[in-house]
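Analysis of the macromolecular model
Residues per chain, in single letters:
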Amino acid sequence: MYTQSFSVSDQDDAKSAGQTASLVAVPKQASASEQALQAQFDERIDADGRVEPREWMPDAYRKTLVRQISQHAHSEIVGMLPEGNWISRAPSLKRKAILIAKVQDEGGHGLYLYSAAETLGTSRDQMLDALHTGKAKYSSIFNYPTLNWADVGVVGWLVDGAAIMNQIPLCRCSYGPYARAMVRVCKEESFHQRQGYEALLVMMQGTAEQKAMVQDAVNRWWWKCLAMFGPPDADSPNSAQGMRWGIKRISNDDLRQKFVDATVPQAKVLGVTLPDPDLKWNEERQAHDYGQIDWDEFWATVNGNGPCNKERLGARVKAWNDGAWVREAALAHAQKQQARQMKEAA
Ligand code: BYC
């Protein structure tokens, strides 16, 4: 199982791979004071220090963080949809209570992450506008449908499992508010992954039909989960800089490999087959080899043409529009209170 104790060895750091923080160069025309600030920033990153909201940071670092954290926040709130869809159809009161708690947690993760991104000087309205107009990305995985109850278990086991693998290293991200948000998110994700795995263990002790449902769900989700980690390192335009800045700590391919290696024994315990004829232990690499991911399908989904993209975005836009009166009422109430306080103070 993945837990908070999944720790990242220092060898995995970009820095120990021989990269120092000679970051995006300060433009030649930068003033002496800007160059001094950049040098201070580089030194902090080299020393594995944290950067906090009001401190000086290069524009490109700020922009990268806003992009990644807002995409992450969007993924959390869009991620509520495929599972939220099953709350009213959960097979028992216990499963319903667990699922409600999980979906609610995802909403909470979105809120921590939007708050972390706001500390970089972008507003929540701007971020949500980018989501609603299709300018911002969110995780590819949430554009696939959850067809039956086994899918809910598999989303917990594999999707949340992949999410934890990606997010544990983010607890050591160089930007303080993001790193701190991730500590709590990872603790909750760990519960999400376990509840999914446990729900599947129960189904696998059931009827032949239930077992077949689990296997079918694993077959449909496995490859999509491998793609969640992002394009191969060689095709990942943001990786090198993200690693030098200490935002990303482990590369897309290395995280994917860790996920495969951790999942194979779990699949064995569960009694399911992972749908990859090329999946086998490689003694030399001390890791599993696995087959080809369909990157054309991944990019089509990321670019808005997956099976549920339109439905997901439509649901988010509707929720935003339906909530307009709540935002207006909250604002009117705050203005009234402020006016009253000013009157009392006068
Ligand atoms: N889906 O250069 P790369 C969750 C984009 S929440 C869509 O490698 P980077 C959960 C990427 O953004 C899961 N797009 O980028 C929630 C970039 O496009 P832009 C979300 C993807 O940033 C509820 C382009 O491809 N987790 O699990 O270095 C319930 C090139 O990629 C995807 C996070 O957001 C994808 N899968 O690395 C249950 C974690 N992959 O922006 C579960 C934080 C790549 O240049 N994010 N792209 O236009 C990260 O760790 C990194 O941003 C990524 C990508 C590893 C995702």
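A word on the overall build of the protein. Along the backbone of the protein there are 12 helices and 2 strands. Scanning the protein from its N terminus toward the C terminus, one meets helices and strands in the order α-α-α-α-α-α-α-α-α-β-β-α-α-α. In summary, the protein has a C-alpha radius of gyration of 22 Å against a globular reference of 20 Å for 346 residues, a match within 12%. Of all 346 residues assigned to the protein, the portion counted as buried reaches 48%. Partitioning the contacts of the protein with sequence separation of at least 6, the portion at a separation of at least 24 is 77%.

Glancing now at the site of the ligand. As a structural note, the neighbourhood of the ligand is formed by 34 residues, with Gln71, Lys137, Ser140, Ser236 and Lys248 the closest of them. Between the ligand and Lys137 there is a distance of 2.5 Å, counted from an oxygen atom to a side-chain nitrogen or oxygen. Backbone polar atom of Asn238 to an oxygen atom of the ligand: 2.9 Å apart, as the coordinates give it. Against a free-state accessible area of 1,000 Å², the protein chains account for coverage of 91% of the ligand. Secondary-structure elements contributing two or more residues to the shell around the ligand are helix H2 (59–84), helix H5 (149–167) and helix H10 (295–305). Examining the composition of the shell around the ligand, we find that 7 residues originate from one element, H2, more than from any other.

Time to look at unusual backbone geometry. Located in the positive-phi region is Asp48, a residue other than glycine, with phi close to 65 degrees. By the element assignment, Asp48 lies in the loop between helix H1 (32–46) and H2. The backbone phi angle of Gln286 is positive, close to 55 degrees, even though this residue is not glycine. As for its placement among the helices and strands, Gln286 is situated in the loop between strand E1 (280–282) and strand E2 (287–289). The class for Gln286 is partly exposed, based on a relative accessible area of 48%.

In this section: the pattern of salt bridges. The tally for this structure, following the rule as stated, stands at 16 salt bridges. Across the pair Glu55 and Arg44 runs a salt bridge, and its minimum N-O distance is 2.8 Å. A residue pair is termed long-range when its members are at least 10 positions apart, and Glu55 in the loop between H1 and H2 and Arg44 in helix H1 qualify at 11 residues. Take Arg44: its relative accessible area is 34%, and that puts it in the partly exposed class. Residues joined in a network through salt bridges with shared partners are Glu83, Lys102, Glu106 and Asp160.

Now for the packing of aromatic side chains. Aromatic ring pairs are defined here through the distance separating the ring centres and the angle between the ring planes. Counted under the stated rule, the structure contains 9 aromatic pairs. Look at Trp295 and Phe298: their rings are 5.2 Å apart centre to centre, the planes differ by 85 degrees, and that puts the pair in the edge-to-face class. Here the residue Trp295 and the residue Phe298 both occupy positions in helix H10, the gap between them amounting to 3 residues, near one helical turn. Each of the two residues, Trp295 as well as Phe298, counts as buried. Their ring planes at 70 degrees and their centres at 4.8 Å tell us that Phe298 and Trp299 sit as a pair that is edge-to-face.

What follows covers the environment of Ala240. For Ala240, the position within the fold is in helix H8 (residues 239–244). Exposure remark for Ala240: the relative accessible area of 40% places this residue in the partly exposed category. The spatial distance from the C-alpha of Ala240 to the C-alpha of Leu226 is 20 Å, given a sequence separation of 14 residues.

The next point concerns H1. Over its 15 residues, H1 extends 21 Å from the first C-alpha to the last, a length consistent with the 21 Å expected when each residue adds 1.5 Å. Within H1 the residues assigned to the buried category are Gln38, Phe41, Asp42 and Ile45. Buried positions in H1, seen along its axis, are confined to an arc of 100 degrees and lie on one side of it. Among the exposed residues of H1, those oriented more than 90 degrees off its buried face are Ala32, Gln40 and Glu43.

For Met228, the location among the structural elements is in the loop between helix H7 (208–227) and H8. Sequence-wise, Met228 and Val159 are 69 residues apart; in three dimensions their C-alpha atoms are separated by 8.4 Å. Those residues in contact with Met228 that lie beyond four places of it in its chain are Ser139, Ser140, Ile141, Val159, Ala162 and Ala163.

Next up on the list: the environment of Trp223. Residue placement: Trp223 occurs in helix H7. Trp223 sits in the partly exposed class, given a relative accessible area of 22%. Beyond its immediate stretch of four places on either side in the chain, Trp223 contacts Pro275, Asp276, Gly291, Gln292 and Ile293.

Further remarks concern the state of the cysteines. Applying the stated criterion to the full structure yields 0 disulfides. Free of any disulfide, Cys186 has its nearest neighbouring cysteine sulfur in Cys171, separated by 3.8 Å. What makes Cys186 buried here is its relative accessible area of 1%. Its sulfur unpaired, Cys308 is 14 Å from the next cysteine sulfur, which belongs to Cys225. Residue classification places Cys308 among the buried residues on the basis of a relative accessible area of 5%.

Rules and cut-offs
Residues numbered from 1 in each chain as written. Predicted model: local features only at pLDDT ≥ 70, side-chain atom pairs only at ≥ 80, totals over all residues. Heavy atoms only, no water. Helix = DSSP H or I, 4+ residues; strand = E, 2+ residues; numbered from the N terminus. Rg over C-alpha atoms; globule rule 2.2 N^0.38 Å. Buried < 20%, exposed > 50% of the residue type's maximum accessible area, 1.4 Å probe, protein only. Contact = heavy atoms within 4.5 Å. Near = heavy atom within 4 Å. Polar contact = N/O pair within 3.5 Å; in protein donor to acceptor, adjacent residues only side chain to side chain. Areas by Shrake-Rupley, 256 points an atom, 1.4 Å probe, with all protein chains shown as cover. Salt bridge = Lys/Arg side-chain N within 4 Å of Asp/Glu carboxyl O. Phe/Tyr/Trp six-rings, centres within 6.5 Å; stacked < 30°, edge-to-face > 60°. Expected span 1.5 Å × (residues − 1). Arc of directions from axis to C-beta. Disulfide = S-S within 2.5 Å.

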